[in-house]
Amino acid sequence: MSITATELKSNLGKYLMLAASEDVYITQYGKVVAKLTNPFQDRVEIAESLFGILPQTTTLEEAKSERMNEI
């Protein structure tokens, strides 16, 4: 979504909530000058992509131990 800086100033709360689910590009004089984004979005997408990779019987401790042995 793209909005003007004036629109952002007028409705900051609305766009902060919206940034939790999508990137919000802020324009000034017709050019993109900033982007509001969720700092955890990439982490959530990565975590979701990993679901189903580990066997159901694997514990968190086993997964950590295996990860540490790879390093």
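Given the structure is predicted, the values throughout are model-derived calculations rather than measurements. (Residues numbered from 1 in each chain as written. Predicted model: local features only at pLDDT ≥ 70, side-chain atom pairs only at ≥ 80, totals over all residues. Heavy atoms only, no water.)

## Observations concerning the pairing of strand β2 (residues 24-28)
Where strand β1 (residues 2-4) meets β2, 3 bridges bridge the pair, whose relative direction is parallel. Within β2, the residue paired with S2 across the bridge is Y25. Two strands pair when backbone bridges link them, and β2 and strand β3 (residues 31-36) are joined in this way by 5 bridges, in the antiparallel orientation. Bridged to Q28 within β3 is K31. (Pairing = 2+ DSSP bridges. Helix = DSSP H or I, 4+ residues; strand = E, 2+ residues; numbered from the N terminus.)

## Some remarks on unusual backbone geometry
The phi dihedral of Y29 is positive, around 55°, even though this residue is not glycine. Relative to the helices and strands, Y29 resides in the loop between β2 and β3.

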